[in-house]
Amino acid sequence: MRRVILHRLMRLLATLFAVTFLTFSMVSLLPGDPVDVILGQVERTPELEARVRSDLGLDRPFLERYGSWLGNSVQGDLGQSYITGQEVSQLIKDRVPVTTQLAFMAILMAVIAAVPIGVLGAYKQGKWQDTVSSAAVQVALSVPNFITAIFFVWIFSVKLGWLPNSNWVRVSDGLVENLKRAIMPATALALTQMAIFSRLVRADMIATLQENYVLAARAKGLSDRYILMRHALRPSSLSLMTIIGINFGALLGGTVIIETLFAIPGLGFGLINAIFRRDILVIQGITVFVATVYVVINTVVDLLYTVIDPRIRRS
Amino acid sequence: MRQRQLFKLLALLLVFALGAAACGGDDDDSSSGDDTTAGDDTGSDDDGDDAADEGDDAADEGDDADDTDDTADAGDEAEGDVDTEVEEEDPAIERVYGGDISVGLEAEAVSLRPWDDTCSSPCYNIQVTIFDKLMEQDVDGNYQGWLAESITPNDDFTVWTMVLRSGVTFHDGSDFNAQSVADMFPVQLTGTQGSANATSANLTGVEATGEFEVTYSLSTTNSAFPAFLSRAALGLVFEPGAAAADPEAFSNAPVGTGPFMMEKRDIDNETVVVRNDSYWGTDPDGNQLPFLDSITFRPIPDEGNRLDALLSGTVTAIGSLRQGTIRDARAEDGITLFEYQGSTVGGGHFNTLVAPLDDVRVRQGLNRLNDQETVLEALGGTGISLPGTQFFSPDSPWYSEAVAAAWPEFDFNAGKALLQEYVDDPTRSDGRAVGDKIAVELACPPDPTLTAAMQVIEQVWTASELVDVTLSSVDQATHIGIAFTDAHQAHCWRFSDDNDPSITFNAGFAPPTEEIAAAAGIPGVVSPVNWANWFNVDAFTASQAAIQTDDFAQRKAFYEQIGLLMAEEAPVWYSGYTATMIATDPALLGLASWHVPSGDLGSGLPNAEGHWSEVWLAEG
């Protein structure tokens, strides 16, 4: 086990190095200059432009800037935003709980809905229940989440006036108000996840239900419910766990549109603003954070396999 | 059995939700507005005032103009267009103290240091609650004192003596006086905006010459200098000690003398300002300002969702610079619109230093092939924005009928004839063979309606069969950068504003390169913000002459002369004037009729920038 963890750790470091270098390179190579964003359309002099460039350290060669950033980063200093002057680490710290909450709610809602739908589809394979649930899942998968979100806003904010469509409230400022604002974006994110998860559960369950040990359990006269829950669901949940891990990591960096639409101050909203402002250190900081979480989650998921399936542990 | 019950329950819930949605809200409901679909633009834009941010949403000829009684009256120029008329709030309505409101803005004000940070409409909305200006524009476009009581120039407009209001304190309790203004100057020079504005104004020194007397020294004559004291970089008053001590911290905890004080700053979420109980200002009836207890500013980038936030009561007011949003808001009942069409005009510039755009026949020809009405339709501005002919809207005192008449109108055949002349010219500047098509690259940020507008232009230019148009799309930051580096041909852009014309014209028409400056006998006078790189010695001379005098008629004649030269040489093309709006809950009153301290009406709400100190909530 120790060797596995060490191996994973090495892979994490290599991944992070690649991610940071590529992000730094790509953002630096993009047309558009942070100096232009900072100066706007003012009547600038070459001296003023040079001063701003020097203040930001942009007058140094690329590799020197990257090396300096990397050196500071490993000591926990991700630098300051070029535009707002905020500490990048603080900015990430402020935004992580917001996006994590959304991602967690979305995944939780998706799993709660997906498992029964998937199990039902597998158990009633080919019957009308399977047809209806598959069609519903297909619809959920086909409609982009921002379209669903706009529809939710129309119904629940504009027409019914039940839920606010912006004005984010942090959990620390009131859980109920926070949930009123989180429920629409989280549900919009959850629908796509639910569709993916339920298809996966259905497919895995169908395969599992044809295993010999399930047939043996049936022959022993065990109830369908018992067989489904005790013998079929657990081995069928391995791929679900993998995809939950992958999608949770993906959601941390993939809520850009939903966060922008609902004006939610999370990582996605921060990232898109930083890209528009050419705020390189913020882009870099958020990207590194998301990449780290992504790799860590996947490592944890891999390790959890051994807990869920004794065969993997033994091998 | 249980499953069946579950399905029934789900079906019932769905039917109930849809039914409630269909019936919910009432067309006559005055507080929340309703009966609309959400705005359909899911794109977002960065900072509001940047280039080429002139409109959005798909074209829609249908227009429900002036549905609401409170919409600013339409002007005479075109049915339904946005007018800049500012109306006095009914004095009989009782002013009420108290209440908290929230305002949805199109973007976050990333930083609140007026001397350093690029500011746009959202940022100004917040800044004017915290900082007072030294000067402010009244409804007629004149500059009046705000924290200044008076400002007097010497004979050649190189020295300006300003007398300040006494009895004003900063939010931290310290006194505001002439030394405060003098101490602000070194801080301003450390900032990008402050130093650039000081350079533009030719400002060399600020000195406290009495407890409440400040003397500004300029290196050259500038009769329009007070205009700079109404702008953020040199005009907003901040506590210089706090600013100099820690500029980064100041950005999130700014200290001014304004009607509200910073309470909470959560970037990209909310900025909360609360009433300054010690504020010096009163309205013309002597009521102590401000009326509201607090204002929460929220960035809501998505245009449709911002309007929905108002309609659902999530926020009390929203701002928008988009014609499409104005069109959608006009179709709603139960909200109040404060519309404004200022002198900011959309369109684009030709880089007159590169072939074939260095030839006036090509620029004139392309202008004749600019079907403004169709472009405006693509921008969603039909019936909202007027076609542009110059840097001043028809409501501006600087507007010139002569320039409007001289500007090349859409005339396909005339445009084609001009281009044909160039194409057939053996000495054509692009070096192509006689008869070859002209190649033009047309660049614009990837906003959906801007793209639609550019496609209209592309189609008409291409239909001449004399132009190959390449459309290119880059994000806003890159777009501006390309204009600075002159790596462009035809570039969509937004020009001008409601400030004194000298602020746009002086830098806008100065020599674009050192070589041109030297050839004109004015070495060293180079402007990087001459976007079209168009230099006409007569236009430049007129722009300089216009700041040698404070006689309005003379100054207007100079700007008219520049407008006529532009019509002749066509360094730019226009779509339309930029209509803007603040939409509010009807309970919010007093927004449009803010006043300068003399009691005169202020300049209204250009660029959806509200003055919130005279606003109150009807219910308190």
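Thresholds, definitions, all that
- Each chain carries its own residue numbering, running from 1 in the direction its sequence is written.
- By the order in which they are written, chains take letters starting at A while ligands take numbers starting at 1.
- Predicted model: local features are reported for residues with pLDDT of at least 70 only, side-chain atom pairs are reported and counted for 80 or more only, and whole-chain, interface and lining totals are derived from all residues.
- Each helix is a run of DSSP H or I of at least 4 residues and each strand a run of E of at least 2, with the numbering of both proceeding from the N terminus.
- Three classes are used. A residue is buried when 20 or more other C-beta atoms lie within 10 Å of its own, exposed when 12 or fewer do, and partly exposed in between, with C-beta atoms placed from the backbone.
- Each residue gets a C-beta atom placed from its backbone, and two residues are in contact if those atoms lie within 7 Å.
- What makes two strands pair is DSSP finding at least two bridges between them.
- Think of each axis as a best-fit line through the C-alpha atoms, taken over the contacting stretch in the case of a helix, with angles from 0 to 180 degrees between the N-to-C directions.
- Defined on buried residues, the nonpolar core groups Ala, Val, Leu, Ile, Met, Phe, Trp, Tyr and Cys residues joined through C-beta atoms within 7 Å.
- The span one expects for a helix is its residue count, reduced by one, times 1.5 Å.
- Our arc is simply the arc of the directions from the helix axis toward the C-beta atoms.
- Per-residue confidence from the predictor is reported as pLDDT, a score between 0 and 100.
- Our angle categories are set so that under 35 degrees counts as roughly parallel, over 145 as roughly antiparallel, 65 to 115 as roughly perpendicular, and the remainder as oblique.
- By definition, any crossing whose near helix is turned counterclockwise from its far helix by less than a right angle is left-handed, and any crossing with a clockwise turn is right-handed.

## A closer look at the overall build of chain B
Right, on to step 1. If you tally the helices and strands in chain B, you get 19 helices and 18 strands.
Right, on to step 2. When the 620 residues of chain B are sorted by exposure, 58% land in the buried category.
Right, on to step 3. The contacts of chain B with a sequence gap of at least 6 include a subset with a gap of at least 24, amounting to 73%.

## Overview of the overall build of chain A
Right, on to step 1. When its secondary structure is counted, chain A shows 14 helices and zero strands.
Right, on to step 2. Counting from the amino terminus, chain A carries its helices and strands in the arrangement α-α-α-α-α-α-α-α-α-α-α-α-α-α.
Right, on to step 3. Dimensions along the principal axes, computed over C-alpha positions, put chain A at roughly 85 × 55 × 35 Å.
Right, on to step 4. Per-residue burial for chain A yields a buried fraction of 41% across its 315 residues.
Right, on to step 5. Considering only contacts in chain A between residues 6 or more positions apart, those separated by 24 or more positions represent 71%.

## Structural notes on the sheet that holds strand β7 (residues 213–218) of chain B
Whether parallel or antiparallel, the strands of a sheet pair through hydrogen bonds between backbone atoms.
All names here are of chain B.
Right, on to step 1. A sheet is described by the order of its strands in space; here four strands give the open sequence β4-β5-β7-β6, paired in antiparallel fashion. Strand pairing shows two members of the sheet lacking a second neighbour, β4 (148–153) and β6 (203–208), which therefore form its edges. Looking at each pair of strands side by side, their axes are set apart by 20 degrees on average, direction ignored.
Right, on to step 2. Relative to the sheet, helix α3 (residues 178–190) contacts β5 (159–164), β6 and β7, its axis offset from that of β6 by approximately 150 degrees.

## Describing the pairing of β7 of chain B
Residue and element names in this part refer to chain B.
Right, on to step 1. Because side chains alternate across β7, one face comprises the buried residues Val214, Tyr216 and Leu218, and the other comprises Glu213, Thr215 and Ser217, none of which is buried.
Right, on to step 2. Two elements, β5 and β7, share five bridges in a ladder whose sense is antiparallel. Looking at the pairing, valine 159 lines up with serine 217 of β7.
Right, on to step 3. Alignment of β6 against β7, held across five bridges, turns out to be antiparallel. Residue pairing for β7: glycine 205 is matched across the bridge by serine 217.
Right, on to step 4. The antiparallel pairing of β6 with β7 creates a hairpin that spans four residues between the two strands.

## Comments concerning the sheet that holds strand β8 (residues 260–266) of chain B
All names here are of chain B.
Right, on to step 1. Strands sit in the order β8-β9-β10-β1-β11-β16-β12-β15-β13-β14 across an open sheet of ten strands; the sheet is mixed. Two strands bound the open sheet, and with one partner strand each, they are β8 and β14 (467–473). Neighbour-to-neighbour, the strand axes of the sheet open up by a mean angle of 25 degrees, direction not taken into account.

## Section: the environment of aspartate 155 of chain B
Residues and elements named next belong to chain B.
Right, on to step 1. Take aspartate 155: it is sitting in the loop between β4 and β5.
Right, on to step 2. Taking the C-beta count within 10 Å as the criterion, aspartate 155 has 7 such neighbours and is therefore assigned exposed.
Right, on to step 3. Taking C-alpha positions, aspartate 155 is 9.9 Å from threonine 549, a pair spaced 394 residues apart along the chain.

## Quick word on the pairing of β5 of chain B
Within a regular strand, the side chains alternate between the two sheet faces.
Residue and element names in this part refer to chain B.
Right, on to step 1. Alternating residues of β5 divide into Trp160, Met162 and Leu164, all buried, and Val159, Thr161 and Val163, none buried.
Right, on to step 2. The sheet contact formed by β4 and β5 spans five bridges and is antiparallel. Its bridge partner being in β5, serine 150 is matched across the sheet by valine 163.
Right, on to step 3. Linking two consecutive strands that pair antiparallel, namely β4 and β5, is a turn of five residues; a positive phi of about 60 degrees is found at phenylalanine 157 within it.

## Considerations on the nonpolar core
In summary, soluble globular proteins display a tendency toward joint burial of nonpolar side chains.
Right, on to step 1. With 237 residues, the main nonpolar core has Ala106 and Ile286 of chain A together with Leu310, Ala317, Ile562 and Ala583 of chain B as its most contacted residues.
Right, on to step 2. Sorting elements by how many residues they give to this core places helix α5 (residues 88–123) of chain A first, with 14 residues.

## Here's the deal with the environment of threonine 255 of chain A
Residue and element names in this part refer to chain A.
Right, on to step 1. Along the chain, the position of threonine 255 falls in the loop between α10 (224–253) and α11 (256–261).
Right, on to step 2. Separated by 66 residues in sequence, threonine 255 and leucine 189 place their C-alpha atoms 8.0 Å apart.
Right, on to step 3. Each residue touching threonine 255, except ones within four places of it in the same chain, is listed here: Thr99, Leu102, Ala103, Leu189, Gly266 and Gly268.

## Notes on helix α6 (residues 128–142) of chain A
All names here are of chain A.
Right, on to step 1. In a regular helix each residue adds 1.5 Å, so 15 residues correspond to 21 Å; α6 covers 21 Å between its end C-alpha atoms and thus fits that length.
Right, on to step 2. Among all positions in α6, only Ser133, Val137 and Ala140 are buried. Down the axis of α6, the smallest arc covering the buried residues is 60 degrees, so these residues share one side. Exposed residues pointing more than 90 degrees away from the buried face of α6 are listed as Trp128, Thr131, Ala135, Gln138, Val139 and Ser142.
Right, on to step 3. Lining the buried residues of α6 we find α5 and α8 (175–209).

## Some details on the confidence of the model for chain B
All names here are of chain B.
Right, on to step 1. Here chain B averages 85 in pLDDT, and 86% of its residues register 70 or above.
Right, on to step 2. This stretch, residues 1–80, has a pLDDT under 50; its non-local contacts, to residues over four places away or in other chains, come to 191 contacts.
Right, on to step 3. Taken together, the chains of this predicted complex give a pTM of 0.82 and an interface ipTM of 0.80.

## What to know about the packing of α5 of chain A against α6 of chain A
All names here are of chain A.
Right, on to step 1. Where α5 meets α6, the axes come as close as 8 Å, and the angle between the chain directions of the two elements is 140 degrees. Judged by the angle between their axes, α5 and α6 are oblique. For α5 against α6, the interelement crossing comes out left-handed. Contacts between α5 and α6 involve Ile117, Leu120 and Gly121 from the first element and Gln129, Asp130, Ser133, Ser134 and Val137 from the second.

## Details of unusual backbone geometry
Backbone geometry follows two general trends: most residues other than glycine have a negative phi, and most peptide bonds adopt the trans configuration.
Residues and elements named next belong to chain B.
Right, on to step 1. The residue after leucine 289, namely proline 290, is reached through a cis peptide bond having omega -5 degrees.
Right, on to step 2. Relative to the elements of secondary structure, proline 290 occurs in the loop between β9 (270–275) and β10 (294–299).
Right, on to step 3. In this structure, proline 356 follows alanine 355 across a cis peptide bond, with omega equal to 5 degrees.
Right, on to step 4. If you trace the backbone, proline 356 turns up in the loop between β12 (336–350) and α10 (360–368).
Right, on to step 5. A positive phi is found at phenylalanine 157, a non-glycine position, where the angle reads about 60 degrees.
Right, on to step 6. Relative to the helices and strands, phenylalanine 157 resides in the loop between β4 and β5.
Right, on to step 7. Although it is not a glycine, asparagine 607 adopts a positive phi angle of roughly 55 degrees.
Right, on to step 8. Locating asparagine 607 in the fold gives a position in the loop between β17 (588–589) and β18 (616–617).

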